[in-house]
Amino acid sequence: MTTTAYDAIVLAGGAAKRLGGVDKPGVRVGGRTLLDRVLGACRGAGTTVVVGGRRATVRPVEWVREKPAGGGPLAALDAGVRRTTADSVLVLSADLPFIGIGTVQRLLGALEESGREVALLVDAGGRDQPLVAVYRAEPLRRGLALLATEHGSLFGLPLRLLTGELGLIRVAAGPLDSFDCDTWENIAAARSRIREHGHVLDEWMTAVKDELGIELDVDTGLLLDLARDAAHGVARPAAPLTTFLVGYAAAKAGGDGPQAVVEAARKAADLAARWAQEAEEEAKGEASGAAAGDRREDGAG
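Here is a short report on the structure shown in this document. (Residues numbered from 1 in each chain as written. Predicted model: local features only at pLDDT ≥ 70, side-chain atom pairs only at ≥ 80, totals over all residues. Heavy atoms only, no water.)

1. Concerning the overall build of the chain
Helix and strand counts for the chain come out as ten helices and nine strands. The C-alpha atoms of the chain give a radius of gyration of 27 Å, which is well past the 19 Å a tight globule of 301 residues would have. Oriented by its inertia axes, the alpha-carbon framework of the chain measures out at about 110 × 40 × 35 Å. For the chain, with 301 residues in total, the buried portion stands at 41%. Sequence-distant contacts, at least 24 apart, represent 66% of the contacts inside the chain between residues at least 6 apart. Surface accessibility of the chain: about 16,500 Å² in total, with carbon and sulfur atoms responsible for 53%. Taken together, the 35 basic and 41 acidic charged side chains of the chain have centroids lying 6 Å from each other. (Helix = DSSP H or I, 4+ residues; strand = E, 2+ residues; numbered from the N terminus. Rg over C-alpha atoms; globule rule 2.2 N^0.38 Å. Buried < 20%, exposed > 50% of the residue type's maximum accessible area, 1.4 Å probe, protein only. Contact = heavy atoms within 4.5 Å. Areas by Shrake-Rupley, 256 points an atom, 1.4 Å probe, with all protein chains shown as cover. Lys, Arg positive; Asp, Glu negative; His and termini not counted. Charge placed at Lys NZ, Arg CZ, Asp CG, Glu CD.)

2. Section: the packing of aromatic side chains
Taken as a whole and judged by the stated rule, the model has one aromatic pair. Note on phenylalanine 98 and phenylalanine 179: the rings are 5.7 Å apart at their centroids and 65° apart in plane angle, and the pair reads as edge-to-face. Of this pair, phenylalanine 98 sits in the loop between strand 6 (88–93) and helix 3 (101–114) while phenylalanine 179 sits in the loop between strand 9 (168–172) and helix 6 (184–194), and the two are 81 residues apart along the sequence. Looking at phenylalanine 179, the relative accessible area reads 23%, which means it is partly exposed. (Phe/Tyr/Trp six-rings, centres within 6.5 Å; stacked < 30°, edge-to-face > 60°.)

3. What about the nonpolar core?
Ranked by internal contacts, the top residues of the largest apolar core, which has 29 residues, are Ile9, Leu74, Leu77, Tyr135, Leu144 and Leu162. Listed by contribution, the elements that provide at least two residues to this core are strand 1 (7–11), strand 4 (48–51), helix 2 (73–81), strand 6, strand 7 (118–122), strand 8 (128–136) and helix 4 (137–151). Sorting elements by how many residues they give to this core places helix 2 first, with six residues. Dropping the residues within four chain positions of it, leucine 74 is found in contact with Leu144, Leu147, Leu154, Leu157, Pro158, Leu159 and Leu162. The next biggest cluster of nonpolar side chains, apart from the first, holds 28 residues, and it includes Val38, Ala119, Val132 and Val134. (Core = buried A, V, L, I, M, F, W, Y, C linked by side-chain atoms within 4.5 Å.)

4. Regarding helix 8 (residues 220–233)
In this model, helix 8 (14 residues) spans 20 Å end to end at C-alpha, consistent with the 20 Å of a helix rising 1.5 Å per residue. By the burial criterion, the buried members of helix 8 are Leu223, Leu226, Ala227, Ala230 and Gly233. In a view along the axis of helix 8, the buried residues occupy a sector of 155°, so they form one face of it. Exposed positions of helix 8 whose direction lies more than 90 degrees from the buried face are Arg228 and His232. With a side-chain oxygen positioned 3.0 Å from the backbone nitrogen of glycine 221, the residue opening helix 8 is aspartate 219. (Expected span 1.5 Å × (residues − 1). Arc of directions from axis to C-beta. Polar contact = N/O pair within 3.5 Å; in protein donor to acceptor, adjacent residues only side chain to side chain.)

5. Remarks on the sheet that holds strand 4
Reading across the sheet, the seven strands line up as 5-4-1-6-8-7-9 and stay open at both edges, with mixed pairing between neighbours. A strand with exactly one partner marks an edge of an open sheet, and here the two such strands are strand 5 (62–64) and strand 9. Within the sheet, the average angular offset between the axes of one strand and its neighbour, ignoring direction, is 25°. Note that strand 7 and strand 9 share five bridges and pair parallel. The residue of strand 9 that forms the bridge with valine 122 is alanine 172. Against the sheet, helix 2 touches strand 1, strand 4, strand 5 and strand 6, its axis set at about 145° to strand 1. (Pairing = 2+ DSSP bridges. Axes fitted to C-alpha atoms, helices over the stretch in contact; angles between N-to-C directions.)

6. So, the packing of helix 2 against helix 4
One way to put it is that helix 2 packs onto helix 4 with a least axis distance of 11 Å and a crossing angle of 130°. Relative to helix 4, helix 2 is oriented oblique. Between helix 2 and helix 4 lies a crossing whose hand is left-handed. On the side of helix 2, the interface is formed by Leu74, Leu77, Asp78 and Val81, while helix 4 contributes Leu140, Arg141, Leu144 and Leu147. (Parallel < 35°, antiparallel > 145°, perpendicular 65-115°, else oblique. Left-handed = near helix turned anticlockwise from the far one by under 90°.)

7. Points about the pattern of salt bridges
This model, assessed by the stated rule, comprises 18 salt bridges. Notably, a salt bridge pairs aspartate 128 with arginine 170, separated by 2.8 Å at the nearest N-O pair. Of this pair, aspartate 128 sits in strand 8 while arginine 170 is found in strand 9, placing the two residues 42 residues apart along the sequence. (Salt bridge = Lys/Arg side-chain N within 4 Å of Asp/Glu carboxyl O.)

8. Considerations on helix 3
Between its first and last C-alpha atoms helix 3 spans 20 Å; for 14 residues at 1.5 Å apiece the expected length is 20 Å, and the two agree. Taken as a whole, helix 3 has its buried residues at Thr103, Val104, Gln105, Leu107, Leu108, Gly109, Ala110 and Leu111. Those residues of helix 3 that are buried are in contact with helix 1 (34–41), strand 6, strand 7, strand 8 and strand 9. One or two positions beyond helix 3, positive phi appears at glycine 115, with a value near 75°.

9. Regarding the packing of helix 8 against helix 9 (residues 238–253)
For the pair helix 8 and helix 9, interaxial distance at closest approach is 8 Å and the crossing angle is 135°. Considering the angle they form, helix 8 stands oblique to helix 9. Once helix 8 is placed against helix 9, the crossing between them reads as right-handed. Of the residues in helix 9, those touching helix 8 at Leu223, Leu226, Ala227, Ala230 and Ala231 are Ala238, Ala239, Thr242, Thr243 and Val246. Across the contact of helix 8 with helix 9, the residue classes tally to eight nonpolar, two polar and no charged. (Nonpolar A, V, L, I, M, F, W, Y, C, P; charged D, E, K, R; others polar.)

10. A short note on a nonpolar patch on the surface
Nonpolar side chains collect at one region of the surface, where Val200, Leu201 and Leu224 lie side by side and expose about 240 Å² of accessible area between them. Within the secondary structure, valine 200 sits in helix 7 (residues 200–212). (Patch = residues over 30% accessible without salt bridge, like charges linked within 9 Å, V, L, I, M, F, W, Y side chains within 5 Å.)

11. So, a negative patch on the surface
A cluster of acidic residues, Glu278, Glu280, Glu281 and Glu282, forms a negative patch at the surface. Tracing the sequence through the fold places glutamate 282 in helix 10 (residues 257–300).

Remember that the coordinates give geometry; whether it matters functionally is a separate question.
If you want it as structure tokens, here you go:
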């Protein structure tokens, strides 16, 4: 994990013509807006600037609009970078449902190690993704200023004019890092993907933590094992009630959150094991008593 300090700019404008002009950053995938999903990936930023119309978000952000509105990605990037102060700036578009902290860390690490001016993602087709990238702030500001001077404004200019003038380091995208939601078919595919067996629990846990304002990495396997033990050793309804009480106890304990969860879960699991052991001993005792009774009846006969 790199410790590079950075600010973030999320581009949340655009007309979304292929979605019929709907508010694309506000479209929900897995119960969370596309914008909130992207904001989750850059929660390590010192300042997060969203370029676009104001809307409710799960995290506090700074808002700004490009001038004129609808001026394109370079105009939006220029408006955003004016509100940042860090030496490195993460830039993301607001329609990336699967972008994660791991990818952000890879980009930050590549920029730091390479000494280049921008680290950008390259998708499986070999296409540069300048809106999934980390830029050094000063070369970014300088490049935008030179383009504005050369062309009279940044309105409508393509991003490749900027990246073509910067020293690049390219980072290979993961399977879904660059998946974006430009069409309703893309959105349907994203919604289907998060409900697949191998992803649904992680997606649900992330959504719940965002909804509750919790930033805590917990061992879901540990909690699931506890729920299983409580259901098996006590009663089925004990599973959700026990995990709730573990969370409450961890919150009351304070200190290191993940370790507090582990300790509370260990205590509850030990208790569930004792309950199960008593039930087994009781069952054995009843079986022995029944067998003895059968022998007495046989002898009497």
